[in-house]
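Here's the letter readout for the chains.
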Amino acid sequence: MIKSTYYFLSVLFISTTLFSQNQEQQPRKPGHTNTNKFKQLYDEFSTPNMYRAASGAPGSAYYQQQADYKMDIVLDDKNTKLSGFETITYTNNSPDGLDYLWVQLDQNKRAKDSKSPLIETSKVSPVLRPEQFFKGYMNNPFDGGFNIQEVKDVNGNPLQYMINSTMMRVELPKTLKPKEKFSFSIKWWYKINDHVPDRDRSGYEFFEKDGNRAYVIAQFFPRMAVYNDVEGWQNSQFWGRDEFALPFGNYDVNITVPADHILDGTGKLTNRKDVFTKTMMERFEKAKKSYDKPILIVTQAEAEAAEKSFSDKTKTWKLHADNVRDFAFATSRKFIWDMMAVKIGNKDVMAVSLYPKEGNPLWEEWSTITVASTLKSYSRMTFDYPYHKAISVHAKNQGMEYPMICWNYGRPQEDGSYSDRVKYGMMSVIIHEVGHNFFPMIVNSDERQWTWMDEGLNSFLQYVAETDFAEWYPSALSPGDDTYPSRRGPAKNIVQYMGGDQDFISPIMSKGLNVHQFGDNAYGKPATALNILRETVMGRELFDYAFKEYAHRWMFKHPTPEDFFRTMEDASAFDLDWFWRGWFYTTDWVDIGIKEVKKYYVSSEPNQYTKDYLAKQGRSAKDLVPLVYMVEEGSEDYKESLKKGTLLDNSKPLKEYLMDNFSEEQRKSIKEPKYFYNVTYEKPGGLVMPIIVEYTYADGSTKREIYPAEIWRLNDNEISKAIASDKEIVRIAVDPDLETADVDTSNNSWPKEVKQNEFDKFKKKVKG
Ligand SMILES: [Zn+2]
């Protein structure tokens, strides 16, 4: 039993009043709104319902529409013209009757009357290169819009339709009821554009030296828009930047191209025997068993021979794809083709590359290996890659993704030499675009509305995959590099953007079309936020489980931002509303620092500090003896003897208390700190974040402490921590590894550090 002679005192000192902060009382104001940064996101989030559950999972009544396509496509290489006849079968899985369907005509972005150029501002520039001048003032716009020849039902009856820029409304003969299907056909053609000058996502590159073209063809057919529970019809126009929203479906596509062309695209090649030579067939069988290096299906010598042939005959390549949200293909007689197998789970997937000789020697060495590595990384972080292949196509200045196929840049000089920048750029873009198979091709978010949902998540995983790649293929690194030079993901790389001019920064939760600094807004910042969430806030174990859960829940479905935010909390027991609010809904930045450090010793004698403190409470020291008094080092009442004495030497009341209340045995295990500190942390930045602190002691040892973000919940400006230590603290550093994207590190250490370069400047000045 412990005897309590100090009952009176314990009533007086409720909790830790000795170190309490002086909370200034603010004048009372009417109509105060709750701006607490830890307030739940009920105002920003839509209410959970039968379609989307509060857990972030698809709800019990979740539905999605289906669009199946049968298409015959003909490429006219001589006239650079693409024509097609497609039959769309649309299944209405929604609970709503539909009177019309919306079809996307993305090629109309390149129509003569396209409004896209009209929303771009322009200005007379005092100097221009001749080609810029020509393009700006003398060039007739290229007419690459769709020519819609007919829209008919399955019986050949014309259907009424109306085209509004890049969207076509097709009138249904009668309301399409829930669970009903409707089939209709569209016949179309358009003039294919050269994708190089405008960096278009689709088109051809013309190779002047041999007169050939390499086609990368996408958004090439009228595609169904998404109809769902959150947007109704997603028929927001395609202005050129915000990408696509597309329903899943099954595709049967026959593509007729010159007979000497090579072609690959979304889906399984169903007539391989018709389009492959016997040699190609043998090489293909060999590639299916090659797990460590790619096997050439078409060699460079064969591709160079084909470049000269210009066949008048044609060949039809037949592709079938199940459960994809889009379809794209690449074709040329210039293509070299290689493949290798990669084990994903218990299944083999083919990693594939198509490139003209202009991509070598870089492409034959690294493209397919990079594809294979990416599939392994992303599968590790999400789910096993479900398709049977992933293709990387070399295309000048391109970086664009489609199901199973993507276009990537990275071209060596004409003599075959290349810089590190070109090499790493090529590897990074391949990792990024192959990675898009997962987001948004399979976890099918609405790119038209939320660029960050695919680009941000994908750039975050790209960073993880680049780290894996460097570990699995160390020979990919240039001499002198021991890590992969990742651009997006590391916290320090986003500091300049987040600390920049607020007039040119938008919240991540913005439509991509409308933001300044698109790359930082939709790629860099969300990728960094997720990296910080994983490494600093949640830890890898909790984050990875929740992230994987999100990927599994929404695989082959259409998630919204809330589905992501909610799942991350639901699967981790981590309240992250403050994180989503700060990083995704505001443009606040991180800046946390040390405002002040005070050092104390205990004493038996009352001093001015304690007298003032007690006076505020209407008491005097005499009423309350005996007390333990804290004396600030350097204050009037401070004596050097306090520093020399032990805790119990310095405070008689404390010693008596211990003697009266604890046995000799118990006293042995009592802590006896010698130094007391009051550390005040300030937060000039708006974002609340955990405070990561490293305390360095006089003996050189260090201690890390992470105060969770919730430490800011009652005071958004500054907080303090009382620290009792048996060793003297000589240095305190906030965010010592630069992992929070703190925009101003000048307040991150105590004592304040003079920066090396400033110090050097100072030295130079002194020396004159
Ligand atoms: Zn991307």
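If you're wondering where the values come from, they're calculated on a predicted model, not measured in any experiment.

Definitions and cut-offs
- Residues numbered from 1 in each chain as written.
- Predicted model: local features only at pLDDT ≥ 70, side-chain atom pairs only at ≥ 80, totals over all residues.
- Heavy atoms only, no water.
- Helix = DSSP H or I, 4+ residues; strand = E, 2+ residues; numbered from the N terminus.
- Buried < 20%, exposed > 50% of the residue type's maximum accessible area, 1.4 Å probe, protein only.
- Contact = heavy atoms within 4.5 Å.
- Areas by Shrake-Rupley, 256 points an atom, 1.4 Å probe, with all protein chains shown as cover.
- Axes fitted to C-alpha atoms, helices over the stretch in contact; angles between N-to-C directions.
- Parallel < 35°, antiparallel > 145°, perpendicular 65-115°, else oblique.
- Left-handed = near helix turned anticlockwise from the far one by under 90°.
- Nonpolar A, V, L, I, M, F, W, Y, C, P; charged D, E, K, R; others polar.
- Salt bridge = Lys/Arg side-chain N within 4 Å of Asp/Glu carboxyl O.

Draft legend 1. Geometry of the overall build of the protein. Across its full length, the protein carries 22 helices and 31 strands. The dimensions of the protein, computed from C-alpha atoms along their principal axes, are 105 × 65 × 60 Å. Here the protein holds 768 residues, and 52% of them are scored as buried. For the protein, long-range pairs separated by at least 24 residues make up 76% of all intrachain contacts whose partners lie at least 6 apart in sequence. As displayed, the protein offers around 36500 Å² of accessible surface, 51% of which is attributable to carbon and sulfur atoms.

Draft legend 2. Expanded view of the packing of helix α12 (residues 518–538) against helix α15 (residues 577–585). Packing of α12 against α15 leaves a shortest axis separation of 10 Å and a crossing angle of 155°. Taken together, the axes of α12 and α15 lie roughly antiparallel to each other. Regarding α12 and α15, the two cross each other, and that crossing is right-handed. On α15, the residues that touch Lys525, Pro526, Ala529, Ile532, Leu533 and Val537 of α12 are Trp578, Phe579, Trp580, Trp583 and Phe584. The class makeup of the residues in the contact of α12 with α15 is ten nonpolar, no polar and one charged.

Draft legend 3. Here's a closer look at the pattern of salt bridges. By the definition in use, this model includes 49 salt bridges. Among the ionic pairs, glutamate 447 bridges to arginine 325, the shortest N-O distance being 2.4 Å. Separated by 122 residues along the polypeptide, glutamate 447 in the loop between α9 (437–442) and α10 (451–472) and arginine 325 in the loop between β17 (314–324) and β18 (329–332) bring together distant segments of the chain. Each member of the pair glutamate 447 and arginine 325 is classed as buried.

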